[in-house]
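Observations on the three-dimensional arrangement
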Amino acid sequence: MFSQLQHPPADPILGLSVKFSADNNPDKIDLGAGIYKDNTGKTPVLDCVKIAEQFRVDQEVSKAYLGSKGSALFNDKIAALILGDHKVLLENRIRTVSTPGGTGALRIAGELINKTKPGATIWVSNPTWANHQGIFKAAGLNVKTYPYYDYENKCLDFDGMIAALKLIPKDDAVLFHACCHNPSGMDLNPQQWQEVAQLSKEIGFMPVIDIAYQGFGEGLEADAFGVRLMAETVEQMIICSSCSKNFGLYRERIGACSIIGKSVSAADIIGAVMVTVVRVNYSMPPAHGAAIVETILDSAELTAQWHIELKEMRDRIGDMRHLLVDKLIENGVSRDFSFIAKQNGMFSFLGIDAAQIDRLQSEFGIYVVGSSRISLAAISTDNVDYLTKSIAKVL
Ligand code: LMR
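Residues numbered from 1 in each chain as written. Predicted model: local features only at pLDDT ≥ 70, side-chain atom pairs only at ≥ 80, totals over all residues. Heavy atoms only, no water.

Pairing is mixed across the open sheet formed by 7 strands, whose spatial order is β2-β10-β9-β8-β7-β3-β4. Of all strands in the sheet, those with a lone pairing partner are β2 (94-99) and β4 (142-147), marking the two edges. Each neighbouring strand pair of the sheet contributes to a mean axis angle of 25 degrees, computed without reference to strand direction. As judged from the 5 bridges shared by strand β7 (residues 173-177) and strand β8 (residues 206-211), these two strands associate in the parallel manner. The residue of β8 that forms the bridge with histidine 177 is aspartate 210. Along the sheet, helix α7 (residues 158-165) contacts β4 and β7; its crossing angle with β4, the most-contacted strand, is approximately 140 degrees. (Pairing = 2+ DSSP bridges. Helix = DSSP H or I, 4+ residues; strand = E, 2+ residues; numbered from the N terminus. Axes fitted to C-alpha atoms, helices over the stretch in contact; angles between N-to-C directions. Contact = heavy atoms within 4.5 Å.)

This is the structure in structure tokens:
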């Protein structure tokens, strides 16, 4: 049976990490996968996570199944983190399941859409996270793209986006990034969110919001502006969230899929169907990451500590954006990279070509995704000179 299989191409992001690990260059820098690193190059376990984890180990009395929805406390806390004291929570119109990471949430969302309307179309931004298309296609959906990033002017192509959204048929789904757009770092401003939310309501397509970086842009509240506004404006929507980045729980695989229905009874049906989708996928989600997150969010003290640690990560990435731009100038680069300091979250496109990306890798051990996406979170005060001098050479 397996003799028919052919070797697949390397994953554009994870394949790069494999190559990076095998590189012997002592100065190598991995600007590929979106993993936060501190200024010493380590991906720390947050202190609040350590405390919560110890507490759970001490308190845990059973490893019995939790059920397909996962932990009810986690689900409530994560919905409140994303939506605040939003009316959809008060109206009891949201149903949440814990999922294995944000990827699991997207897959459940995709399968639920496909179950409702087999072969439905979902529109994703051009560009989008390298795994979005694959996840939705694997769930049986047809994937199309709408314009988003203006590569030439290094800004949002908002007019192009709106023009394309206006033509999307009712009952198609449309994926939006809540904040820290991956890969471009270009986010919608509040006024643009107003327009997009209004259009979603008028046309009637199903918004699917991926919120994987809440707290990495401007802050927990500001980063949720778009998702909260959308929930205020439309009757039904899907929210896929992740705790990988903001809680630093990458390998624990914890995220959530939350669906807002038109009414309590509609939400009940959606929630019940979502459970059947989970059951045939992985039966039940892993529990450890959810236990850590709910312990933090259920304690005012740990939540306050988490806010401090999250701010430290956010501020460091912001500092590295400015430092990169300044050092490029200092090291003789005349091309304008100032757009990097204006963008949000972990990523930006450098805007260099394939030959320059190859040279960075082969000559300098600097690993950049093929789209020229870089993770700002991998830059430090120690490696920024080597990085910017290398960029200056390939330019
Ligand atoms: C990324 O975009 O680099 C991260 O979300 C890691 C991944 O799974 O691709």
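So, next bit.
With that out of the way, let us pick up helix α16 (residues 384-394). The complete set of buried residues in α16 reads Val384, Leu387, Thr388, Ser390, Ile391 and Val394. Looking straight down α16, one finds its buried side chains confined to an arc of 160 degrees; they lie on one side. Tucked into the core, α16 has its buried residues touching β1 (29-30), α13 (300-330), α15 (354-364) and β12 (366-367). (Buried < 20%, exposed > 50% of the residue type's maximum accessible area, 1.4 Å probe, protein only. Arc of directions from axis to C-beta.)

By the definition in use, this model includes 11 aromatic pairs. Relative to tyrosine 367, the ring of phenylalanine 20 has its centre 5.4 Å away and its plane inclined at 85 degrees; by these criteria the two rings are edge-to-face. Of this pair, phenylalanine 20 sits in helix α1 (residues 14-22) while tyrosine 367 sits in strand β12, and the two are 347 residues apart along the sequence. Since its relative accessible area comes to 15%, phenylalanine 20 is described here as buried. Pairing tyrosine 213 with phenylalanine 216 gives two aromatic rings, centres 6.3 Å apart and planes at 85 degrees, and the pair type is edge-to-face. Like phenylalanine 216, tyrosine 213 is buried. Aromatic rings pair up to connect Tyr146, Phe176, Trp193 and Phe205 into one cluster. Here lysine 154 stacks its cationic end above the ring of phenylalanine 339, 5.7 Å away from the centre of that ring. Over the aromatic face of phenylalanine 347 sits the side chain of arginine 373, whose NZ or CZ is 3.7 Å from the ring centroid. (Phe/Tyr/Trp six-rings, centres within 6.5 Å; stacked < 30°, edge-to-face > 60°. Lys NZ or Arg CZ within 6 Å of the ring centre and 35° of its normal.)

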